[in-house]
Amino acid sequence: MKISIKLGFWFFICIFIIEASSMFFLHRNVVHSLVNEELEALKSRGNSHSDVIEISYDEATLQHIKIMESQTDTEVVITDYVGKIITSSKTLDKSMDKILKRNMAEHILSNNGVIIQSDLHDEQYISTVSPFKTENGDIGFVYMFKSTEQIQNVISRLNEHFILASVLILFLMLFTIFFLSRALTKPLISMKEATRRMSKGDFSVSLPKTSSDEIGELSDSIQTLANDLNYLRKERNEFLAGISHELRTPLTYIKGYTDIARRNNLSEKDRLNYLNIIYEESNHIDNLLKELFDLAKMDQNNFSISKEKVNICLFMHSIFRKMEPAFESKGVKLEFICKKNAYVNIDPIRFEQVFLNLLDNALKYSDTNTLTTIEIKNEEDSINILVKDQGSGIPTEDIPYIFDRLYRVDKSRSRLTGGFGLGLSIVKEIVEAHCGIISVESQLNSGTCFKIILKGLD
Ligand code: ADP
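**Student:** Could you give an account of the packing of helix H1 (residues 3-55) against helix H4 (residues 148-199), naming the residues involved and the relevant values?
**Tutor:** Following both chains from N to C, one finds H1 and H4 inclined at 160 degrees, their axes separated by 9 Å at the closest point. Considered as vectors, H1 and H4 are oriented roughly antiparallel to each other. The hand of the H1/H4 crossing is right-handed. Partitioned by chemical class, the residues of the contact of H1 with H4 number 26 nonpolar, seven polar and two charged.

**Student:** Could you give me a rundown of the nonpolar core, with the residues and numbers involved?
**Tutor:** If you look at the biggest cluster of nonpolar residues, it comprises 48 residues, and the most contacted ones within it are Ile312, Phe315, Met316, Phe351, Phe355, Leu358 and Ile452. Residues in contact with methionine 316, not counting those within four places in the same chain, are Phe336, Phe355, Ile374, Ile376 and Ile385. In terms of nonpolar packing, the next biggest core, distinct from the first, is built from 16 residues, Leu42, Ile65, Leu120 and Val142 among them.

**Student:** Mind laying out the pairing of strand S4 (residues 125-133), listing which residues take part and the relevant values?
**Tutor:** Within a regular beta strand, the side chains point alternately toward one face of the sheet and then the other, so they alternate between its two faces. Among the nine residues in S4, eight count as buried, and that is most of the element. Sheet analysis places strand S3 (residues 114-117) next to S4, joined by three bridges and oriented antiparallel. Each residue of the ladder has a partner; that of valine 114, found in S4, is valine 129. Relative to strand S5 (residues 139-147), S4 is paired through nine bridges, and the arrangement is antiparallel. Bridge pairing in S5 links tyrosine 125 to serine 147. The antiparallel hairpin formed by S4 and S5 contains five residues in its connecting segment, where glycine 137 sits at a positive phi of about 90 degrees.

**Student:** Give me the lowdown on the pattern of salt bridges, citing residues and values where you can.
**Tutor:** As enumerated under the stated definition, the model contains 16 salt bridges in all. Notably, a salt bridge pairs glutamate 40 with lysine 43, separated by 3.6 Å at the nearest N-O pair. Within this pair, glutamate 40 and its partner lysine 43 are both found in helix H1, separated by three residues, close to a single helical turn. For lysine 43, a relative accessible area of 16% gives the class buried. Across the salt bridge formed by lysine 322 and glutamate 352, the nearest N and O atoms sit 2.6 Å from each other. In this pair, lysine 322 sits in helix H7 (residues 312-330) while glutamate 352 sits in helix H8 (residues 348-364), placing the two residues 30 residues apart along the sequence. Linked through salt bridges whose partners overlap, the residues forming this network are Glu38, Asp73 and Lys146.

**Student:** So, helix H2 (residues 59-70): which residues are in play, and what are the values?
**Tutor:** Taking 1.5 Å of rise per residue, twelve residues should cover 16 Å, and H2 covers 16 Å from first to last C-alpha, within 8% of that figure. Taken together, the buried positions of H2 are Thr61, Leu62, Ile65 and Glu69. Viewed along the axis of H2, the buried residues span an arc of 100 degrees, placing them on a single side of the element. Seen from the buried face of H2, the exposed residues on the opposite side, beyond 90 degrees, are Glu59 and Ala60. Here the buried face of H2 lies against H1, strand S1 (74-80), strand S2 (85-88) and S5.

**Student:** If you had to explain the environment of leucine 251 to someone new, which residues and values would you point to?
**Tutor:** Its location among the elements puts leucine 251 in helix H5 (residues 214-261). Take leucine 251: its relative accessible area is 46%, and that puts it in the partly exposed class. Linking leucine 251 and serine 282, residues 31 residues apart in sequence, is a C-alpha distance of 8.2 Å.

**Student:** Explain a positive patch on the surface to me, and be specific about the residues and the numbers.
**Tutor:** On the surface, a cluster of positive charge is contributed by Lys2, Arg182, Lys186 and Lys192. Within the secondary structure, lysine 2 is located in the segment before H1. Taking the relative accessible area as the measure of exposure, lysine 2 reaches 58% and is therefore exposed.

**Student:** With reference to specific residues and values, describe the packing of aromatic side chains.
**Tutor:** In this structure the tally under the stated criterion is 15 aromatic pairs. Measuring from ring centre to ring centre gives 5.7 Å for phenylalanine 12 and phenylalanine 16, while their planes differ by 20 degrees; the resulting arrangement is stacked. Taken together, the positions of phenylalanine 12 and phenylalanine 16, both in helix H1 and four residues apart, correspond to about one turn of that helix. Ring-pair connections join several aromatic residues into one group, and the members of that group are Tyr125, Phe141, Tyr143 and Phe145.

**Student:** So what's going on with H8? Which residues, and what values?
**Tutor:** For H8, with 17 residues, the first-to-last C-alpha span of 24 Å sits near the 24 Å given by 1.5 Å per residue. Buried residues of H8: Pro348, Arg350, Phe351, Val354, Phe355, Asn357, Leu358, Leu359, Asn361, Ala362, Leu363 and Lys364, and no others. Its side-chain oxygen 3.1 Å from the backbone nitrogen of isoleucine 349, aspartate 347 forms the N-cap of H8.

**Student:** I'd like to hear about the site of the ligand, residue by residue, with values.
**Tutor:** Near the ligand lie 20 residues; those nearest to it are Asn361, Asp389, Val409, Gly421 and Leu424. Backbone polar atom of glycine 423 to an oxygen atom of the ligand: 3.3 Å apart, as the coordinates give it. Its free accessible area being 530 Å², the ligand has 96% of it covered by the protein chains. Contributing elements (two or more residues each) for the shell around the ligand: H8, helix H10 (423-433) and strand S12 (447-457). Counting residues per element, the shell around the ligand draws most heavily on H8, at three residues. Considering only residue class, the shell around the ligand consists of ten nonpolar, seven polar and three charged.

**Student:** Explain a nonpolar patch on the surface residue by residue, including any values.
**Tutor:** Side chains of Leu7, Leu180 and Leu184 sit close together on the surface and give an oily, nonpolar patch of about 220 Å² of accessible area. Within the element layout of this structure, leucine 7 appears in helix H1.

**Student:** Just give me the short version of the packing of H8 against H10, but keep the residues and values in it.
**Tutor:** Put simply, H8 and H10 touch, their axes get as near as 9 Å, and they point 145 degrees apart. Like other packed secondary-structure pairs, H8 and H10 cross with a definite hand, here left-handed. Contact residues: H8 offers Arg350, Phe351, Gln353, Val354, Asn357, Leu358 and Asn361, while H10 offers Gly423, Leu424, Ile426, Val427, Ile430 and Val431. Residue composition of the contact of H8 with H10, by class: eight nonpolar, four polar and one charged.

**Student:** Describe the domain arrangement of the protein chain, and please don't skip the residues or the numbers.
**Tutor:** Here the protein chain is partitioned into domain 1 (3-155), domain 2 (214-299) and domain 3 (308-457). On a C-alpha basis, the centres of domain 1 and domain 2 stand 103 Å from each other.

Reading guide: rules and limits
- Residues numbered from 1 in each chain as written.
- Predicted model: local features only at pLDDT ≥ 70, side-chain atom pairs only at ≥ 80, totals over all residues.
- Heavy atoms only, no water.
- Axes fitted to C-alpha atoms, helices over the stretch in contact; angles between N-to-C directions.
- Helix = DSSP H or I, 4+ residues; strand = E, 2+ residues; numbered from the N terminus.
- Parallel < 35°, antiparallel > 145°, perpendicular 65-115°, else oblique.
- Left-handed = near helix turned anticlockwise from the far one by under 90°.
- Nonpolar A, V, L, I, M, F, W, Y, C, P; charged D, E, K, R; others polar.
- Core = buried A, V, L, I, M, F, W, Y, C linked by side-chain atoms within 4.5 Å.
- Buried < 20%, exposed > 50% of the residue type's maximum accessible area, 1.4 Å probe, protein only.
- Contact = heavy atoms within 4.5 Å.
- Pairing = 2+ DSSP bridges.
- Salt bridge = Lys/Arg side-chain N within 4 Å of Asp/Glu carboxyl O.
- Expected span 1.5 Å × (residues − 1).
- Arc of directions from axis to C-beta.
- Patch = residues over 30% accessible without salt bridge, like charges linked within 9 Å, V, L, I, M, F, W, Y side chains within 5 Å.
- Areas by Shrake-Rupley, 256 points an atom, 1.4 Å probe, with all protein chains shown as cover.
- Lys, Arg positive; Asp, Glu negative; His and termini not counted.
- Charge placed at Lys NZ, Arg CZ, Asp CG, Glu CD.
- Phe/Tyr/Trp six-rings, centres within 6.5 Å; stacked < 30°, edge-to-face > 60°.
- Polar contact = N/O pair within 3.5 Å; in protein donor to acceptor, adjacent residues only side chain to side chain.
- Near = heavy atom within 4 Å.
- Domains from an automatic or database assignment.

This is how it looks when you write it as structure tokens:
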């Protein structure tokens, strides 16, 4: 069932129950007070007659009361103490007779009059009685009657109004529910449509900006998801294109040199030379595949990290010792500064990969007679490790992208330096997997400084 119909249906049921019950109670109260008012009016009319009789009990007064009542929609019957009729505004009928025959002795003491018949449904009259006592001691009763039919007529007119009002409210309610449920479900329907398209691989959805409530937030989230997926797909395509490009170049070399190396008329020296090139290019592909494999593992969260408490000075010094010969042979000075010992919780194997990568880059992009420094600084609640070189530096516009996969500043130099633009993205993934932060500061032609911030251990 459609959500708008479902929502509309439940709205309708709830509001209908509320409307029906309030109409029911309202109607009951109105009828009740209407009948009460009629009875009170009848009683006070009877009381005023009895008051007049008490003041002047004579034929003229009785006649006057009789005439007065015969001109109205109420009837009066005046009886003496034993129930003998003294006068009446109308010839008595059966139901009046039945009421008169009731024992009225108990009402003698009531000065205010009493309602003796209030049933609207089974009787022809509602009725009250007001006793009177004349100056010379005569006791009697003034009975007042009003036809229930008249009151029923008023009630049925009232019912008509109630029915009309209910139908009108019902109609307005249906109208409101129709538009309200449509307005509420419209953004949901467009979100459903958007997710359906996304599930089929179409991420170019554009959801309208709606309200700032929960539905609006949901719509924003779906839009962000679509944008992210779109971006990821684009990135994946670019990445695949980049990888195939990276593979194509060494493979072309391998193919070309294999062709030449197969020739019969080739000297052993040349053949060895070509085979060496083929070997280097195979190594190149091997390295690329290793880095790609590492990245793939990180993406799948298959990347195991076994942290341990490491003395950072000793750890970095061992890396310094490992890299020093390479720096020396290029004529680049490698310096190590660690003033105070500190401990960090890291995976030493992964972090060795991080620093070998950073130092390898420093070496790659440094000229002879420059200085590269490894420095460990103890901050208040963190350990900062800096790898600072005086190399070629990175152009400011490239800095935001150097941690992106396959991003290289100088694409043409890649074959000389042997980089694929994957090293720093791996470095970043490892550092972040340790909840660390990596940042870079660089100035073209003057040097680069990578800073890794790790949480220190006491
Ligand atoms: P690559 O394997 O190509 O070096 P990286 O991901 O390690 O890839 O680095 C990305 C790019 O960042 C490099 O192509 C290089 O241009 C730049 N870069 C990284 N480290 C340095 C550095 N120390 N000095 C100058 N440029 C650097």
